[in-house]
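# What the coordinates show
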Amino acid sequence: MVVLAPPPEQHGALRRFFANLRATPARVKDSAFRGGKPDTDRTRSTFVFGNVFLHLHPVRTHRWSLRWTATMGLGIASLAAFLITLITGVLLMFYYKPHPAIAYDSMKDIAFVVPTGNLIRNIHRWAANVMVLTVILHMARAFYTGAYRAPREFNWLIGMGLLVLTLGLSFTGYLLPWDQLAYWAITIGANIAQSPREVTDALGLTETFDIGGLQKLLLLGSDTVGEEALIRFYLLHVMILPLGLVALLSVHFWRIRKDGGLVRPVDADRRLGPVHAADYPVFTEEPRKTYQLAAVVRGKSGAVARGPENTVPSMPHLFYAELAVTMLTIAICVALALVSDAPLKELANPQVPENPAKAPWYFLGLQELVAYSAFMGGVGIPGIVLLGLGLIPYLDREKDGTGEWFGGPGGKELVLQALFVGFGAALAIEAFAIRYGWLREWIPDIPQLWITVFNPGTVLTAIYAAYSIWLVKRHQSTRAGALGLFTCFLCGFVLLTVVGVWFRGPNWDFYWSPSDWPGH
Amino acid sequence: MQANKHLLLWTSLVTLALLVFAAARENVFKEWRRVQSAASGPAGPIDVHLRQVVVPTLAVADRCVTCHVGMAAGEPVVAGDPTLKRHPEVGHDPNVMGCTACHAGQGRATEKAAAHGDVHFWPTPMIPLRYADAGCGGCHTHIAVPTVDRLAAGERAFERNDCLACHKLDGRGGTLRPLGAGGMEGPDLSFVGARAFRADWYDAHLARRTEARGARAESDGEARGGAWDDSFGPLSREDRDALDEFLRSRVGAPKLVLAKATFNSLGCRGCHKIAGIGGDDGPELTLEGAKDPGRIDFMHVRGEHDLAGWLTEHFRSPATLVPGSQMPVLSLSEPQIDLLVRYMLSLRRASVPEAWWPKDRVRAERLGEREFAVDGATLYGSFCAACHGPNGEGMRYPGMPAFPAIGNPDFLAVASDEFLTSTITHGRPGRRMGAWGESSGGLRASEIATVVAHLRSLGGVALEPDARAPRWVRGDAAEGARLYAADCMQCHGAKGEGGEGPALANAALLANATDTYLFETIRRGRRGTTMLGFAQPSTVRPSLADPEIESIVTFLRSWENQP
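What you see is a predicted model, and the numbers here were worked out from it, not measured in a lab. (Residues numbered from 1 in each chain as written. Chains lettered and ligands numbered in written order. Predicted model: local features only at pLDDT ≥ 70, side-chain atom pairs only at ≥ 80, totals over all residues. Heavy atoms only, no water.)

### Some remarks on the side chain of T262 of chain B
Heads up, the condition is: Runs of H or I in DSSP of at least four residues are treated as helices and runs of E of at least two as strands, each being numbered from the N terminus. Here a residue-residue contact requires only that any non-hydrogen atoms of the pair lie within 4.5 Å.
By the secondary structure assignment, T262 of chain B is in helix α11 (residues 254-265). With sequence-adjacent residues up to four places away left out, T262 of chain B is seen in contact with V148, Q336, L339 and L340 of chain B.

### Some details on the packing of aromatic side chains
Residues and elements named next belong to chain B. Let me state the cut-off plainly: Note on aromatic contacts: the rings of Phe and Tyr and the six-membered ring of Trp form a pair at centre separations within 6.5 Å, being stacked when their planes are under 30 degrees apart, edge-to-face when over 60 apart, and tilted otherwise. We call a residue buried when its accessible area falls under 20% of the maximum for its residue type, exposed when it is over 50%, and partly exposed in between, using a 1.4 Å probe and counting protein chains only.
Taken as a whole and judged by the stated rule, the model has 42 aromatic pairs over all chains. With a centroid separation of 4.6 Å and an interplanar angle of 40°, the aromatic rings of F419 and Y517 are classed as tilted. With F419 in helix α19 (residues 417-426) and Y517 in helix α24 (residues 515-524), this residue pair connects regions lying 98 residues apart in the sequence. In terms of burial, F419 and Y517 fall into one category: buried.

### Details of unusual backbone geometry
The step from M315 of chain A to P316 of chain A runs through a cis peptide bond, and the omega angle for that step is 10°. Topologically, P316 of chain A is positioned in helix α14 (residues 314-339). Its identity is not glycine, yet A196 of chain B carries a phi of approximately 75°, on the positive side. With respect to the element layout, A196 of chain B can be found in the loop between α7 (192-195) and α8 (201-220).

### Thoughts on the environment of L336 of chain A
Residue and element names in this part refer to chain A. Note that L336 resides in helix α14. Residue classification places L336 among the partly exposed positions, given a relative accessible area of 28%. Spatially, the C-alpha atoms of L336 and I102 are 28 Å apart, while their sequence positions differ by 234 residues. Beyond its immediate sequence surroundings of up to four residues, L336 is in contact with W126 and V130.

### Comments concerning the nonpolar core
Residue and element names in this part refer to chain A. Counted only if it meets this: Throughout this description, the term nonpolar core refers to a set of buried Ala, Val, Leu, Ile, Met, Phe, Trp, Tyr and Cys residues connected via side-chain atoms within 4.5 Å. What counts as a domain boundary in this text is fixed by an automatic or database domain assignment.
In terms of nonpolar packing, the biggest core is built from 99 residues, with F143, W156, L175 and F486 touching the most fellow members. Per-element accounting of this core gives the leading share, 15 residues, to helix α7 (residues 117-144). Each of domain 1 (49-261 + 314-354) and domain 2 (362-520) accounts for three or more of the residues forming this core. With residues near it in sequence (within four places) discarded, W156 still touches M139, A142, F143, Y148, L389, G390, P393 and F486.

### Re the packing of helix α8 (residues 153-175) of chain A against helix α12 (residues 227-258) of chain A
Residue and element names in this part refer to chain A. We count it as follows: The angle between two axes is taken between their N-to-C directions and runs from 0 to 180 degrees, where each axis is a line fitted to C-alpha atoms and a helix contributes only its stretch in contact. Angles are sorted into four bins: roughly parallel if under 35 degrees, roughly antiparallel if over 145, roughly perpendicular if 65 to 115, and oblique for all others. By convention the crossing between two helices is left-handed if the near helix lies anticlockwise of the far one by an angle smaller than a right angle, and right-handed if it lies clockwise. The nonpolar class holds Ala, Val, Leu, Ile, Met, Phe, Trp, Tyr, Cys and Pro. Asp, Glu, Lys and Arg form the charged class, and all remaining residues, Gly among them, are polar.
Two elements in contact, α8 and α12, have axes separated by 9 Å at closest approach and are oriented at 160°. Compared by their axis directions, α8 and α12 come out roughly antiparallel. Crossing of α8 over α12 shows left-handed handedness. Residue composition of the contact of α8 with α12, grouped by class: 18 nonpolar, 10 polar and 1 charged.

### A few points about the domain arrangement of chain B
Each assigned domain of chain B is listed with its residue range as follows: domain 1 (34-126), domain 2 (162-234) and domain 3 (384-557). For domain 2 of chain B versus domain 3 of chain B, the distance between C-alpha centres works out to 54 Å.

### Section: the pattern of salt bridges
What counts, and what does not: Salt bridges are defined by distance alone: a side-chain nitrogen of Lys or Arg within 4 Å of a carboxyl oxygen of Asp or Glu.
According to the stated counting rule, one finds 50 salt bridges over all chains in the structure shown. Notably, a salt bridge pairs D292 of chain B with R295 of chain B, separated by 3.6 Å at the nearest N-O pair. For D292 of chain B, a relative accessible area of 16% gives the class buried. In the salt-bridge network here, residues are joined through shared partners; they are K345, E346 and E354 of chain A together with D292 and R295 of chain B.

Structure, rendered in structure tokens:
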């Protein structure tokens, strides 16, 4: 048994207590920063290194990475857009009720009576679209600067995962308003998920092996879009997909650091030139620690036997850049939210199909392909595209041009040519199919399998592939082929999406303008 | 870093400015805030906040009262914009039923255009105020509405017999103050049909008159009942019946009742079904007033681009708005069109919980009472008049075969009641005449019998007794064929398929018609129609002898067994 001795000086203890109380605010502040207040280069570095939120950043950042043209800030913009949707999304969750009977009413309440509800919803919707856009552009940036190359191959794959999750998040959010737009867009989306049935039907396998039907059933929880689908989409939208995205994001950031920071040309130091006097002093303090573990790190180890690097402390240089991009993204989203309201059509009505029923804009390219062949548009071509994108870093093992925009054999001229080829081919195929129809119009009873194999989508894919192979041979470089193929893919995506968004009307017929639609 | 700092500074300032703008728009410049701040109650400016009427069982959350403050529960009389005034006195309190239950529109909205539904993607915009009573149709069924003529007869009786002296009706009358003494006003009868009235009102009135006479005699020796004598006297049976019918129709919506009566008089149900009763030639109209204007093509509509505007234009010229429409141009007057539009807009029966049903709807949907009166004139007017003419004189519409004149005495003299009943019940498959039996057109046997009786009264002719068997004719079919080709084919078609005259190669007709019917129709013809009798020669063809007519009948019979 421990006997507590009476405190020796009672008044002294009280005095100490009050002294401690007075000192508490200062001590809280001190204790918050593990290495002391970040007011010198050294303490700032320790701060970045020791802070759980900041430690994904390197302590120092290469000057090349801070140039606006190096990344255009697209990755940070995507992250900022994600954070905006996260915050506004949580706010919306306070009022949104995921049940068909009241979902639409709760949307109307958000639009009309919840204080700032409409603005929050608009910001959420615009941030989601900005996110889709910046993620795609970010991928293009990573591709064109050769950032996918070793040692960053795996992060490229993670990035593709993030793209898929981003599209998934946007798509699942699309259903929640439970209006006609949502209902029929998701119906279209679910039918795209069901598209393997086209092939199983043609092969007579649907009875035994209905993978398309199963996919749709998994997605909707039922044959049609109903309350099961709504709760599924809600759960995916507010929990499963965001958690998955955060997890993958962490890996993505982590790998940026572990793979040696952002990509830059080998001669970046030379091209940056000497440090300007106005610039923050670079690498001013000698390292305080030696890293014993550096011995087990693969590849070249840190700064051993090298002079001052061309780096600046991440705090504040990198942080200002990141904050500026974040703020720019917020400003853009808020401005768009004030200018344009998120759509909310009439209550979902399974009896009255929208005509045309259109999927969300980023899937309209696919829907355009689905119009020709459900399987190829819904599964085949997206599968080929994802596979191709995933293979690029493992096939392109070259070094030439890494870190440079359009670097590699062929360079800018090749990309320009590929733009012409990509747009030209897509435009020609679309124009032909719109003007003259396709196999079904010429031979009404042709087996569907023929169309599945041979349709505008597959023809376009084949043209792009052939062009890319030709580039590989011509430039004797896989990078050249990849540059061509990726550019063509972007062209095809943009053109098909544009056609789907603006030039397709009722029954997916071609119209120059919505004002030509019948009945309007 | 300087560039980034600048970017951060300016984007932050822009964001801040945008948010300040948004906050001001949200908190200061909202339309309803301006409306409410401009209002003042008895105790000065009113409290500015969102107001709403919530009726959970009707799924109503109506924020209309946010602007129309004077209509909200417990609000004082507010002065200012007309928007703020009280709701006019109607049968219902807006705070019990909400606003959208009657007026439609978007109750959850708080901005004018959105709330009134004048926006894209709101399928049920507000009913235009001039047709406001069409909103009653959401719940009410207004049963037993007679024809326009019957209604007008009732109104005439009401006015001619000076009822307006003591009674108020639809905002008129009730002005009499006999001998300046006042206090003689009778009850307001505007809603009497909805609330029911005593069946013995006439006897009660007579008794009151006698009583008044007695009182006067006692006081000043004159045996006159004063105002009771001036304004009330014995009424004929006919007037009393008309008054009863008229009073039953006084449900606080005189224009809507007149609109429905107009619909019932024009025979629209001959082609259009409402709530399962009517013909199949035109589209069903049960929910015509609930049509989504977003799905209507307004290209050829000259007036307002709303449902009322579309309907108005459609009644003027159906085929202009609906390509290929079968609906004839009815040559209606503008007031008639306005009434029909009103009735169409009222066809918006909503799914209301049964506990909220008014008694007329219960009577119609649960007890099977009719929305139209079931006397012969109304039934004939509702179902037959459009094709067969208001008086059975037949109709001709451009581009359609002529419709038979079924009020024709020559027809009624040979058409038995069984023939008429069977024809109405089963129709003429293959011709325009549809089946009206309960399983198809929706008329009950008793109602069909009423229509048959009404037909008889139209022609004023009884069936001529005929002792012969239904199939007594024994003629020469070959001779009949020759005569048919010479004399009948031009109008009735080479194979009896019809043309100017009705189709004769019709299984239902031949099965129902007796030989006498066919024989006499050929012999006498139908006066007043293009079918002239063949007993008399005309300028263009010789007469036919009875055996020749019999041969034709025999020939017609040869079509009976053809598919």
